[in-house]
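# Coordinate inspection notes
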Amino acid sequence: MLKIALLSCAHTHAAAYAGILAARGDVDLVVADPDGFGDVPAERVVGSYQEAWDAFDGGPDAVIVTSANADHKELVLEAARRGVAVLCEKPLATTVADAEEMVAACREAGVVLMTAFPVHFSPAVETLRSAVRDGALGEIVGLTGTNNGKLPEGRDWFTDVSLSGGGCLVDHTVHVAQILDAAFGEPTDVRAVANRILSASRAGEGAETGGFVTLTYPSGVIATIDCSWSMPDDGPTWGGLTLQALGTGGQLTVDAFADHVGGPGQWLPYGADLDALLLEAFLDAVRTGRTQEPSGEAGLRTVRIVAAAQRSVATGEAVALADV
């Protein structure tokens, strides 16, 4: 039995992770809910992080950090200090400096650090990685990505810049950026634009609700990411993630959440459970002591892209990733 502590119920993924882990026969789970959300069901829910750390004889084997973004650093550093493996929600941190410190601490402590990018495990995304790796699409000449959604509800911290680090640029750039990172490596520079045209009355001060990020790679290939919270409130689904790769030998389109039946207020998925695949990879990493992708380093690289995008929005200029 692996002893797992889920630290915080702030993130909307916490309930799904808790449900999957509770259903497994090889996990002993405790959930910390220090903010009193009260909507993540589990047999053992405690009211503080300290109670979660103390819930097991000898401490937990691993923790899953699902707090507000600004609280990731403190929890990950504590796990490293205790020698405990970590799966941390995305984005890994709200600043590059914090992400670097977290990665370094876990590396020095010799503990697993993974970043929670479930879409990495999508069969469609693996098909894209394989096609790029094998040259099946020829020379890639352009990439168009979208990760749109509704403005988050029920968790106001998502649009509180002090807790989230920003708006949709922070929330929805990193998933597509990680897919691109795994297939193409790091871009050379980043350009971005953002606005508050959509749902501004419900977004926290300074949190952008619309954004568009352009990445340029060493080969000259350009990738774009529409990261806007642009789904209408009465839209049939929460949003989605797509990525189209155009090559000299063909094109391939990823639609990571196509396998569902949806309607107003309904989302009935089928096919691969990406959250379950992420957790399976993490638990395997805990048992073997070998970090799997998406690693903390992958999370750090996507934080750099977000930081570059934010700087580009502020300056109106392209930002070299090496300068972030």
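Structure: above.
In this text the structure is predicted, and so the values were computed from the model without any measurement.

## Some thoughts on empty space enclosed by the protein
Tallied over the entire structure, the rule returns one cavity of 30 Å³ or more. Taken as a whole, the largest cavity encloses approximately 60 Å³ of empty space. Looking at the largest cavity, the residues that line it are Pro 91, Ala 93, Thr 94, Ser 164, Gly 165, Val 170, Val 303, Val 306, Ala 307 and Gln 310. Looking at the lining of the largest cavity element by element, the count peaks at four residues for helix α9 (residues 296-315). Residues of the lining of the largest cavity, tallied by class, amount to six nonpolar, four polar and no charged.

## Comments concerning the pattern of salt bridges
A full pass over the atoms with the stated rule returns 16 salt bridges. Taking the shortest distance from any N to any O, the salt bridge between Asp 26 and Arg 287 comes out at 2.7 Å. Highlighted residues: Asp 26 in the loop between α1 (14-22) and β2 (27-32) and Arg 287 in helix α8 (residues 274-288), separated in sequence by 261 residues. For Arg 133, the salt bridge goes to Glu 126, with nearest N and O atoms at 3.7 Å. Taking relative accessible area as the criterion, Glu 126 reaches 33% and is therefore assigned partly exposed. Linked by salt bridges that have partners in common, Arg 24, Asp 26, Glu 280 and Arg 287 make up one network.

## With respect to the layout of surface pockets
Roughly 1,300 Å³ of volume is contained in the largest pocket. Along the wall of the largest pocket there are 42 residues; nearest its centre are His 13, Trp 238, Phe 257, Trp 267 and Asp 275. When residues of the lining of the largest pocket are traced back to their parent elements, those giving at least two are α1, α5 (123-134), β7 (140-149), α7 (168-184), β14 (266-269) and α8. Split by residue class, the lining of the largest pocket holds 20 nonpolar, 13 polar and nine charged.

## Comments concerning the packing of aromatic side chains
Here the structure, examined in full by the defined rule, presents two aromatic pairs. Centre to centre, the rings of Trp 157 and Phe 158 are 4.0 Å apart; their planes meet at 20 degrees, and the pair counts as stacked. Like Phe 158, Trp 157 is buried. Aromatic side chains Phe 184 and Tyr 217 sit 6.2 Å apart centroid to centroid with 55 degrees between the ring planes, which places their arrangement in the tilted category. Remark: Tyr 217 occurs in the loop between β9 (210-216) and β10 (222-226) and Phe 184 occurs in helix α7; sequence separation between them is 33 residues. Cation over ring: Arg 155 sits above Phe 37, and NZ or CZ is 4.0 Å from the ring centre.

## A look at the sheet that holds strand β15 (residues 319-320)
Spatially, the seven strands line up as an open sheet ordered β12-β11-β7-β10-β9-β8-β15, and their pairing is mixed. Looking at which strands have only one partner, the edges of the open sheet turn out to be β12 (250-255) and β15. Relative to β12, strand β11 (residues 239-247) is paired through six bridges, and the arrangement is antiparallel. Within the sheet, the bridge partner assigned to Leu 243 lies in β12 and is Val 254. Contacting β7, β8 (189-195), β9, β10 and β11, α7 runs over the sheet at an angle of about 150 degrees to β7.

## Examining unusual backbone geometry
Peptide bonds are trans in most cases, and residues, glycine excluded, mostly fall at negative phi. A cis amide bond links Lys 90 to the next residue, Pro 91, at an omega of -15 degrees. Note on placement: Pro 91 falls in the loop between β5 (85-89) and α4 (96-109). Of note, the amide linkage connecting Glu 293 to Pro 294 takes the cis form, showing an omega dihedral of 5 degrees. Positive phi, close to 95 degrees, is recorded for Ser 8, a residue that is not glycine. Inspection of the secondary structure assignment puts Ser 8 in the loop between β1 (2-7) and α1. In this structure, Ser 199 is a non-glycine residue whose phi angle is positive, near 55 degrees. Checked against the element boundaries, Ser 199 lands in the loop between β8 and β9.

Cut-offs used in this document
- Residues numbered from 1 in each chain as written.
- Predicted model: local features only at pLDDT ≥ 70, side-chain atom pairs only at ≥ 80, totals over all residues.
- Heavy atoms only, no water.
- 1 Å grid on protein atoms, 1.4 Å probe; cavity = no way out; pocket = protein on both sides within 12 Å on 5 of 7 lines; lining within 4 Å.
- Points joined across faces, edges and corners; volume = space filled by probe spheres on them.
- Helix = DSSP H or I, 4+ residues; strand = E, 2+ residues; numbered from the N terminus.
- Nonpolar A, V, L, I, M, F, W, Y, C, P; charged D, E, K, R; others polar.
- Salt bridge = Lys/Arg side-chain N within 4 Å of Asp/Glu carboxyl O.
- Buried < 20%, exposed > 50% of the residue type's maximum accessible area, 1.4 Å probe, protein only.
- Phe/Tyr/Trp six-rings, centres within 6.5 Å; stacked < 30°, edge-to-face > 60°.
- Lys NZ or Arg CZ within 6 Å of the ring centre and 35° of its normal.
- Pairing = 2+ DSSP bridges.
- Contact = heavy atoms within 4.5 Å.
- Axes fitted to C-alpha atoms, helices over the stretch in contact; angles between N-to-C directions.

Nothing here speaks to function; it is all geometry.
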